[in-house]
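An overview of the molecular structure
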Amino acid sequence: MQLLEYFGVLTGLLYLFLEIRQQRAMWVVGFLTSLIYVFVFFFSKIYADMGLNIYYVVISIYGFWQWTRRHKVETSGTEEAAPSQRTIVYRSMTPRLFAGVSSAILALFMLLYHVLHYFTDSPIPAGDAFTTAVGIGATWMLARRIIEHWIFWIIINSISVYLYYLRGLYPTMFLYICYTILAAVGLYTWKKKGIRTNDSTL
């Protein structure tokens, strides 16, 4: 199992590198990483994170489709459109969208905490429920290229470092330290090199 965890760490780092560069291949790597961590978290009794990674497996398919559809729109027509393949494009969260995402995250947290606390032997129900609920929201935001998803990930990853330390998942703890740092790099990179748009089809 530890060998599988180390492999998940390597693919996880590759995923985040591709995410910062907005490469569609990130969704393929993310699919593999998430599938690995379904098993790692199951055997570590981190059940909500296991469920979160099942969600990641599914949304990786959605994210790849969403970004492929957008890629076809950007590159259709004339050859002059080709440079947009390397352009980071993002949109910002509106107050209305923030309220909707926050409400959904709160509802998910309450549901997950109740299930983990009363129906499983999870040793960290509150932390597991929180990171899972926020992670679901952040991944949906990434699929729509909403830049604030990086802020969500900085928070999630920082808390996850402590949770994985408690469970003795030290390679994964190291991965999430890297995730926290690279999430800050991702936020900076998108802001500095990206192009902001109000296109709701992203």
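Quick notes on the rules
Residues numbered from 1 in each chain as written. Predicted model: local features only at pLDDT ≥ 70, side-chain atom pairs only at ≥ 80, totals over all residues. Heavy atoms only, no water. Helix = DSSP H or I, 4+ residues; strand = E, 2+ residues; numbered from the N terminus. Contact = heavy atoms within 4.5 Å. Phe/Tyr/Trp six-rings, centres within 6.5 Å; stacked < 30°, edge-to-face > 60°. Buried < 20%, exposed > 50% of the residue type's maximum accessible area, 1.4 Å probe, protein only. Salt bridge = Lys/Arg side-chain N within 4 Å of Asp/Glu carboxyl O. Expected span 1.5 Å × (residues − 1). Axes fitted to C-alpha atoms, helices over the stretch in contact; angles between N-to-C directions. Parallel < 35°, antiparallel > 145°, perpendicular 65-115°, else oblique. Polar contact = N/O pair within 3.5 Å; in protein donor to acceptor, adjacent residues only side chain to side chain. Core = buried A, V, L, I, M, F, W, Y, C linked by side-chain atoms within 4.5 Å. 1 Å grid on protein atoms, 1.4 Å probe; cavity = no way out; pocket = protein on both sides within 12 Å on 5 of 7 lines; lining within 4 Å. Points joined across faces, edges and corners; volume = space filled by probe spheres on them. Nonpolar A, V, L, I, M, F, W, Y, C, P; charged D, E, K, R; others polar.

1. Details of the environment of A138
Structurally, A138 can be placed in helix α5 (residues 125–143). Linking A138 and V101, residues 37 residues apart in sequence, is a C-alpha distance of 8.9 Å. Ignoring anything within four residues of it in the chain, the contact list for A138 reads H149, F152, W153 and I156.

2. Structural notes on the packing of aromatic side chains
The description of an aromatic ring pair uses the distance of the two centres, along with the angle that the planes make with each other. For the structure shown, the criterion picks out twelve aromatic pairs. On the basis of an interplanar angle of 25 degrees and a centroid distance of 6.2 Å, the ring pair of F109 and Y113 is categorised as stacked. One end of the pair is F109 and the other is Y113, both in helix α4 (residues 95–119) and four residues apart, which spans about a single turn. Counting every residue linked through ring pairs, the aromatic cluster contains Y37, F41, Y164, Y176 and Y179.

3. Overview of the side chain of T180
Within the secondary structure, T180 sits in helix α7 (residues 170–193). The buried category is assigned to T180, whose relative accessible area is 17%. Beyond its immediate chain neighbours, meaning those up to four positions away, T180 contacts I154, N157, S158 and V161.

4. Re the pattern of salt bridges
A complete count under the given rule lists one salt bridge for this structure. Among the salt bridges present, the one from K45 reaches D121, with a minimum N-O distance of 3.3 Å. Of this pair, K45 sits in the loop between α2 (25–43) and α3 (47–75) while D121 sits in the loop between α4 and α5, and the two are 76 residues apart along the sequence. You can call K45 partly exposed: its relative accessible area is 37%. In this structure D121 comes out as partly exposed when scored by relative accessible area, which is 43%.

5. Some points on helix α6 (residues 149–166)
With 18 residues, α6 should reach 26 Å at 1.5 Å per residue; the first-to-last C-alpha distance of 26 Å fits that figure. Looking one or two places after α6, you find G168, whose phi comes out positive at around 75 degrees.

6. Notes on the packing of helix α1 (residues 2–20) against α7
Between two packed helices, the angle of one axis relative to the other and the distance separating the axes together describe the packing. It is the contact of α1 with α7, at a shortest axis distance of 10 Å, that shows an interaxial angle of 0 degrees. Of the possible angle classes, the one that applies to α1 and α7 is roughly parallel. Taken together, the residues of α7 that come into contact with α1 (itself represented by E5, Y6, G8, V9, G12, L13, L16, E19 and I20) are Y170, P171, T172, L175, C178, Y179, L182, A183, V185, G186, T189 and W190.

7. Concerning unusual backbone geometry
At K45, a residue that is not glycine, the phi angle is positive and equals roughly 65 degrees. Even without a glycine there, the phi angle at R145 is positive, about 60 degrees. Mapped onto the fold, R145 is located in the loop between α5 and α6.

8. Thoughts on the environment of R167
In this structure, R167 sits in the loop between α6 and α7. For the pair R167 and K45, spaced 122 residues apart in sequence, the C-alpha separation works out to 8.8 Å. Leaving out residues up to four positions away in the same chain, R167 has contacts with S44, K45, I46, P123 and I124.

9. Some words on the side chain of S34
Within the secondary structure layout, S34 lies in helix α2. A distance of 2.8 Å separates a polar atom in the side chain of S34 from the backbone oxygen of G30. Contact partners of S34, with chain neighbours within four places excluded, come to N53, Y56 and V57.

10. A word on the nonpolar core
Grouped together as the largest cluster of nonpolar side chains are 46 residues, with contacts concentrated most on M26, F41, L142, W150, F152, Y164 and W190. Looking at this core element by element, the count peaks at eight residues for α2. Residues contacting F41, with those up to four places away along its chain left out, are I46, D49, M50, N53, Y164, L169 and T172.

11. Here we look at empty space enclosed by the protein
For the coordinates displayed, the defined rule picks out two cavities of 30 Å³ or more. Reported here for the largest cavity is a volume of approximately 320 Å³. Lining the largest cavity are 22 residues; nearest its centre among them are Y15, Y56, W153, Y176 and Y179. Elements with a minimum of two residues in the lining of the largest cavity: α1, α2, α3, α5, α6 and α7. Broken down by element, the residue count for the lining of the largest cavity peaks at five residues, all from α2. Split into classes, the residues belonging to the lining of the largest cavity amount to 13 nonpolar, eight polar and one charged. In this structure, the second largest cavity spans a volume of roughly 40 Å³. Residue lining of the second largest cavity: D49, L52, Y56, T131, W153, I156, S160, Y164 and Y176, and that is the complete set. Put simply, the parts of the chain that give the lining of the second largest cavity at least two residues each are α3 and α6. When residues in the lining of the second largest cavity are grouped by element, the largest group, four residues, is from α6.

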